[in-house]
Amino acid sequence: LGEGYTPHILGVWSSPDEIDFAALPEKFVLKTNHDGCPIICTDKSEFDIDATRNLLSEKLKDRYYTRSREWAYKNIKRLIFAEEYLSVPGEELIDYRFFCFNGEPKYCMTTSEHTDAKHGSSDYFDLEFNHLPFGSSSQLATVTPKKPDNLAEMLEISRKLASYAAFPFVRVDLYNLSGKIYVGELTYYPTAGMVNYCPEKWNKTTGNYLTLPKKNAWRHLKGRDKKWIEQALK
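Asks: I'd like a rundown of the pattern of salt bridges, residues and numbers included.
Replies: Across all of its chains, the model carries nine salt bridges by this definition. Here aspartate 95 and arginine 97 are joined by a salt bridge, their closest N and O atoms 3.0 Å apart. Taking the shortest distance from any N to any O, the salt bridge between aspartate 173 and arginine 171 comes out at 2.7 Å. Of the two residues, aspartate 173 and arginine 171, neither departs from the other in class, the shared state being buried. Shared partners join several salt bridges into a network, and the residues in it are Glu104, Glu156 and Arg159.

Asks: Residue-level account of a nonpolar patch on the surface, with values.
Replies: Taken together, Phe167, Leu186 and Tyr188 make up a surface patch of nonpolar side chains, about 250 Å² in accessible area. Inspection of the secondary structure puts tyrosine 188 in the loop between strand E9 (180-187) and helix H4 (201-207). The class for tyrosine 188 is partly exposed, based on a relative accessible area of 32%.

Asks: So, the pairing of strand E5 (residues 95-101): which residues are in play, and what are the values?
Replies: Of all seven residues that make up E5, seven are buried, and the element is covered over most of its length. Across the two faces of E5 the burial is the same, with Asp95, Arg97, Phe99 and Phe101 and Tyr96, Phe98 and Cys100 all buried. As paired strands, E5 and strand E8 (residues 169-177) are joined by seven bridges and run antiparallel to one another. Of the residues in E8, the one forming a bridge with phenylalanine 98 is valine 172.

Asks: Summarise helix H3 (residues 151-165); cite the residues concerned and give the values.
Replies: With 15 residues, H3 should reach 21 Å at 1.5 Å per residue; the first-to-last C-alpha distance of 21 Å fits that figure. Phi for alanine 166, located one or two positions after H3, is positive at around 60 degrees.

Asks: Got a sec to walk through the nonpolar core? Specific residues and values, please.
Replies: In this structure, Tyr96, Phe98, Cys100, Phe129, Met154, Val172 and Leu174 are the most contacted members of the largest nonpolar core, which totals 18 residues. At the level of secondary structure, the elements contributing two or more residues to this core comprise E5, H3, E8 and E9. Counting residues per element, this core draws most heavily on H3, at six residues. Setting aside chain neighbours within four positions, we find leucine 174 in contact with Ile94, Asp95, Tyr96, Phe98, Met154, Ile157, Ser158, Ile181, Tyr182, Val183 and Gly184. Grouped together as the second largest cluster of nonpolar side chains are 13 residues, Phe21, Leu24, Phe28 and Phe47 included.

Asks: Before we move on, can you summarise the environment of glutamate 26 with the specific residues and values?
Replies: Position of glutamate 26 relative to the elements: it lies in the loop between strand E1 (9-13) and strand E2 (28-32). Taking the C-alpha atoms as reference points, glutamate 26 and glutamate 46, separated by 20 residues in sequence, lie 10.0 Å from one another. Setting aside residues up to four positions removed in sequence, glutamate 26 forms contacts with Cys41, Thr42, Asp43, Lys44 and Ser45.

Asks: Can you tell me about the side chain of threonine 206, naming the residues and giving the values?
Replies: Among the secondary structure elements, threonine 206 is positioned in helix H4. There is a polar contact of 2.7 Å between the side chain of threonine 206 and the backbone oxygen of tryptophan 202. A polar contact is formed between the side chain of threonine 206 and the backbone oxygen of asparagine 203, at a distance of 3.4 Å. Contact partners of threonine 206, with chain neighbours within four places excluded, come to Phe101, Tyr107, Phe134 and Tyr197.

Asks: For the sheet that holds strand E3 (residues 39-41), give the residues involved together with the corresponding values.
Replies: Sheet strands associate in pairs through backbone hydrogen bonding, adopting either a parallel or an antiparallel arrangement. Taken in spatial order, the four strands of this open sheet run E1-E4-E2-E3, and their pairing is antiparallel. Looking at the sheet topology across the chains shown, the edges are occupied by E1 and E3. Across this sheet, the average inter-strand angle for adjacent strands is 15 degrees, counted without regard to direction. Note that E2 and strand E4 (residues 80-84) share five bridges and pair antiparallel. For threonine 32, the partnering residue across the bridge sits in E4 and is isoleucine 80. Strand contacts of helix H1 (residues 49-61): E2, E3 and E4, with the helix running at about 30 degrees to E2, the strand carrying the most contacts.

Asks: Summarise H1; cite the residues concerned and give the values.
Replies: Here H1 contains 13 residues, and its C-alpha end-to-end distance of 19 Å stays within 8% of the 18 Å for a straight helix at 1.5 Å per residue. Of all the residues in H1, the buried ones are Thr52, Leu56, Lys59 and Leu60. Down the axis of H1, the buried set is contained in an arc of 95 degrees. They therefore lie on one face. Exposed and oriented more than 90 degrees from the buried face of H1 are Asp50, Asn54 and Lys61. Where H1 is buried, its residues meet E2, E3 and E4. The opening residue of H1 is aspartate 48, an N-cap whose side-chain oxygen sits 3.3 Å from the backbone nitrogen of aspartate 50.

Cut-offs applied
- Residues numbered from 1 in each chain as written.
- Predicted model: local features only at pLDDT ≥ 70, side-chain atom pairs only at ≥ 80, totals over all residues.
- Heavy atoms only, no water.
- Salt bridge = Lys/Arg side-chain N within 4 Å of Asp/Glu carboxyl O.
- Buried < 20%, exposed > 50% of the residue type's maximum accessible area, 1.4 Å probe, protein only.
- Patch = residues over 30% accessible without salt bridge, like charges linked within 9 Å, V, L, I, M, F, W, Y side chains within 5 Å.
- Areas by Shrake-Rupley, 256 points an atom, 1.4 Å probe, with all protein chains shown as cover.
- Helix = DSSP H or I, 4+ residues; strand = E, 2+ residues; numbered from the N terminus.
- Pairing = 2+ DSSP bridges.
- Expected span 1.5 Å × (residues − 1).
- Core = buried A, V, L, I, M, F, W, Y, C linked by side-chain atoms within 4.5 Å.
- Contact = heavy atoms within 4.5 Å.
- Polar contact = N/O pair within 3.5 Å; in protein donor to acceptor, adjacent residues only side chain to side chain.
- Axes fitted to C-alpha atoms, helices over the stretch in contact; angles between N-to-C directions.
- Arc of directions from axis to C-beta.

Encoded structure:
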C-alpha cells in the first residue's frame, strides 16, 4: 500500500521493565503481539505505570494458544509494542472489518463503542453498505454507522491485502478517521472460528463463501503409496 497506512509504532520491547514511559506521548496504546486486549492511555498523568508493568508481565506469560489453538500464536517470540493513539475530536473510532474470501471482500462488519453499550456493538453490511439482517454476540449500534465516503478505496485496499496474503480467508480490519485509512490488522481466524451468527441460516450463507484448496489437504500424503492412502481413508 505504501507509506502512511499503519499507526506509527512508538517502541518495541521484550520486557515491561525496558519501557521508558517518560518518552511516550500523553496518549498511546500498548499491546502484546500474541493476544488481544490492548492497554489504552488517554492521560499519562492519570496512568498507573506500576500496574501496567504488572499487567504486561502477566500478559507475556499467558499461553494464548492453549485457549483457542490459533497456531500462529504458539511459538511466536512475545513482544510488547506501543502505537500512536488514533483519534479525531468529535469523531468516533469505528473498526471496519472486511471478510475476504480468495482475495475478494464479501461483507463488512463494523465495531464501535458507545456510552450506553458496555461491551461495544457490531453491525454487518454488504459491499454497498446496506445493513444485513444478522448479527453475532454483540448488540447492534444505537446509531447505525453511515456509509463511508471513501468506501471504494477501503474495498480496494482490502482486495490488495487479501490477494497479497494469498490465503483462502482473511479479515482485513481498517480504521477510517476523517477519510484517512489505517490498517488495524489482518485477522486469519476471527474468534478462533467459533462465532455463531443469528439467524442460523447466515452461518451457512457466509460459510459457503469459503473454498479451501484441495491440494493443501493432501500435502501430508506426499510420498505415501496408494495402499497407505486407501487405508487412511477408511
